[in-house]
Amino acid sequence: MRRYLLGILVLLKYCICGDVVNFDGVIKDCVVGNSKLFVLTEHRLHQMRHDLHEEKRKDITNATHHNRVNILVPFDTNGTLITCGTLEDGYCEVLDINDITNSIYYESNILAGLRQDETSVAFIAGRYLLVGKMDEDAKPQDSLFSVVSLWSTSESQPGGIFSRIAEASEDFIQSTVRDVEFVDGFQRVSPSESYLFLNTKKDYEKKVLVLWMNSSKGKKSDIIKSLQAATIRCCSDKVRPVLVASTVIPSVNGVIWAGAFSAQNQQDPENSALALYDISNVQGQVKGFCANGEKPCGSERGSELQPLSVVFKYSSISAVAAVRNGSWIVLFIGTSDGQLIKLVLDEKFTPGCPTVLYKSDDERAVLPRMHFDPVDFKHIYIVLKKQITLHLSLSLESTGNPAFSCTFTKESVKLCDGSGSPAVFPNCSCSFSDQMLYTRSLKVSATVTIEDQKITEMLTLRNCSSITENSSYTQCVQCVSSGCHWSSSSQRCEWTREPQLHIQDACKYLLFEMPEILSLEPSKASFHGRNNVLLRGRNLESVTKIRIRGDLECIPKESPVLDRSSDTLRFHIPPSATKGTVKVCVVTPDDRCHGNSTITYSSQPSCTGIQPTVSWSSGGRKIQVQGSNMELVESVTVLPSNKVLKTQFNTSSGDVWFHSHSYDGSGQFRLLLNVQNSAVDCLGYFSYKPDPEFTEFTTLQVANDLQVNIQKKADVLNLSMNEVTVTGLQGDQQYQCVLEKIESYSVICKIKGESGAVTAVDSLTITVGNYVLGMSGTKYLFCLSPQNITGRVYGGAMET
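What you see is a predicted model; the values in this text were computed from it and never measured.

The rules behind the values
- Residues numbered from 1 in each chain as written.
- Predicted model: local features only at pLDDT ≥ 70, side-chain atom pairs only at ≥ 80, totals over all residues.
- Heavy atoms only, no water.
- Salt bridge = Lys/Arg side-chain N within 4 Å of Asp/Glu carboxyl O.
- Helix = DSSP H or I, 4+ residues; strand = E, 2+ residues; numbered from the N terminus.
- Buried < 20%, exposed > 50% of the residue type's maximum accessible area, 1.4 Å probe, protein only.
- Contact = heavy atoms within 4.5 Å.
- Phe/Tyr/Trp six-rings, centres within 6.5 Å; stacked < 30°, edge-to-face > 60°.
- Pairing = 2+ DSSP bridges.
- Axes fitted to C-alpha atoms, helices over the stretch in contact; angles between N-to-C directions.
- Polar contact = N/O pair within 3.5 Å; in protein donor to acceptor, adjacent residues only side chain to side chain.

Asker: Outline the pattern of salt bridges, listing residues and values.
Answerer: Counting across every chain of the model gives 21 salt bridges. In this structure, Glu93 engages Lys58 in a salt bridge whose closest nitrogen and oxygen atoms are separated by 3.8 Å. Remark: Lys58 occurs in strand S6 (residues 54–59) and Glu93 occurs in strand S9 (residues 91–96); sequence separation between them is 35 residues. Like Lys58, Glu93 is buried. The shortest N-O distance in the salt bridge between Glu743 and Lys741 comes to 3.8 Å. Residues joined by salt bridges that share partners form a network here, namely Asp237, Arg240 and Lys313.

Structure follows, in structure tokens:
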């Protein structure tokens, strides 16, 4: 199995791919030191520079033993890299952080990490290695379990290196809760404080806890006894009791922490939420967690932590990292469907528009831990499931007062006479003579410039008195949206110096029945979009367009109506830069949005194979295309013939299928899956072979049934029972011959004699897809088709 470390350079909103480094195994972990990046695969530990250049590698397995490394911690101030694993009943090793092939110390028969493939957290706390993990040595009858330990990192510490022994005995945090999952942890340098975040479950109740310790104390026992704890709650709209990822936000005053919480319902578009908390003053206790020896072990004391702000909701947040740029906070959010999203918060934790920096073509999850380069915090390392790692370089400059201007032109001539107020972000205006509007409407190009970004739209200005539409409602909407005044008494559009600004208020009494949405078919699309979606509803005559708004896009998309009736309309789902669930409503001419439905954007289809891989030349064989997200495929293109064939989706298998076209030749053909206006390559080929050849048939009476034995030539078509249909003809009577067996040289079927014995048939018709063959009992064969009938000679029979 091969996995890749992929470098991607991101400057503002531009993305440039860098060099690709091949690894010989699945990436298990990735940690960053002050000057090095360490990547752990199944078989090796790689030492790399921050620019992804590999310097050293160290094998961690041998021919007879598999070593599952489960602790990988850089100790920069000590110049070492600490690794622990399962080899030799557990071991820990100290490596030179600048040369991992240089082993400074090795000790076996010590299990600091986990035996099983569970989660653990390890980091340097003061002078010690702090490890949070489940107690795998606990017995069924035990009521207390060790969950957090401190291990010495040098020989000079009490008990020697890699010892849990304090001055006189072991010191650790214990718990009465057996079901514990450690998610994250970190040490704050100044002051020296340690934080651990974990999920717990007891009596079916799930909780998220934070544990705090003062790691500036010199003795292990003093650090353990400083334990404070609190429960973390998220959120007010729904309970999300499981923490999936977290990050600390750099701050001068206090400690701001961001946690990604899940309700564990992937079908919910707001299943997960990213919330911010002030954890600078964790005080109190939680039931069931205490320092070793305390009785009773922890009583509930202190308040629960509630969010300062919930800044982002999504179906599947899986990772988060944060950096501060002045008063701005920049969050990087990974998702289980393979996206990396940037979200900027202001000093009040108000989020701006999310930006998708990267999205995978398939459902490739971003793993929970993302690491910044600790030197300048402008690089971030992200590990993806199926273990591609992205290295991003980030430019975070921003300005509080962007350069802003507006221009209004008609055929490149500026319209404004200068009497309007100057442009001040975000507003601008233009005044000009109304003489241009007396005889016709005026098309104006409006351009807004913000820094180096330009947005241009075409506006149509109309003469108020010339607005006369078919219905009063449409006329009112056109009137008010053009800046004119609608007179409800005269039912006319008039000039006014004070135009009505709210169409809803002026025209709402003229629209008696509001549009409704009942269903969307289909309601799932890839990020390429989807053509010809059917919307069913009521009162759809006045709908002008479809509006699509997603949580990841501040500016909604709009799609025109293609055709409509009172209860149905069709439209195209536009492409999306993101995955996830979006809200859909229908828009009337007054710009009001009605109804509430959803569309789910997912990854594009992925083709894994074609079955069967051959077709007979006349075509009509059912070809199945296997893969994921296949319900999004609209058709297939066969190359090199460029035939476009419609597909059908098989709900039970999740595959699509099509009928092969006719082709009188040989060679290999490949497929393109058509998804909206994009095409996805399909893995594998299929080819054409000659039509099957049936040479003669004989019959055999079996009780009341007539067995028909059809001779055929051997081929590579591998015909299945449901692909061949045989019909017998005796005089004017037609009989269905039920297939029983298909072999290399024969086809065997029976004509059932339910209402009396069938003794003979004069001829057979054999149908295989588009190929239809007639066969008489005197060995005359003739091909049948809707267009013509042609004869062929077999075994010396005369041509017909």
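Asker: Pulling in residues and values, what's your account of the side chain of Thr727?
Answerer: Along the chain, Thr727 falls in strand S58 (residues 724–730). Taking the relative accessible area as the measure of exposure, Thr727 reaches 15% and is therefore buried. For Thr727, the residues in contact, after removing those within four places along its chain, are Gln734, Tyr735, Gln736, Ser763, Leu764 and Thr765.

Asker: Lay out the packing of aromatic side chains in plain terms, naming residues and giving numbers.
Answerer: Applying the stated criterion across every chain, the model contains 16 aromatic pairs. Judged by centre distance (6.1 Å) and plane angle (20°), the rings of Phe186 and Phe197 are stacked. Taken together, the positions of Phe186 in strand S15 (residues 179–188) and Phe197 in strand S16 (residues 193–202) put the pair eleven residues apart, joining distant regions of the chain. Here Phe186 matches Phe197 in class, with each residue buried.

Asker: Break down the sheet that holds strand S21 (residues 272–278) for me, with residues and values.
Answerer: Pairing in this open sheet of four strands is antiparallel, and the strands run S19-S20-S21-S23 from one edge to the other. Here the strands that pair on one side only, and so sit at the sheet edges, are strand S19 (242–249) and strand S23 (309–314). Pairwise comparison of adjacent strand axes, ignoring direction, gives a mean angle of 20° for this sheet.

Asker: Quick one: what's the story with the environment of Ser215, residue by residue and with numbers?
Answerer: Within the secondary structure, Ser215 sits in the loop between strand S17 (205–214) and helix H1 (220–225). The exposure class assigned to Ser215 is buried, which follows from its relative accessible area of 3%. Residues Ser215 and Tyr195 lie 20 residues apart in sequence; the distance between their C-alpha atoms is 9.7 Å. In contact with Ser215, not counting residues within four places along its chain, are Ala125, Gly126, Gln187, Ser192, Glu193, Ser194 and Ile223. A polar side-chain atom of Ser215 sits 3.3 Å from a polar atom in the side chain of Gln187.

Asker: Hey, could you go over the sheet that holds strand S46 (residues 606–611) for me, with residue numbers and the actual values?
Answerer: Spatially, the four strands line up as an open sheet ordered S46-S48-S52-S51, and their pairing is antiparallel. Every interior strand has two partners, whereas the edge strands, S46 and strand S51 (648–649), have only one. Note that strand S48 (residues 622–628) and strand S52 (residues 656–659) share four bridges and pair antiparallel. Looking at S52, one finds that Lys622 is bridged to His659.

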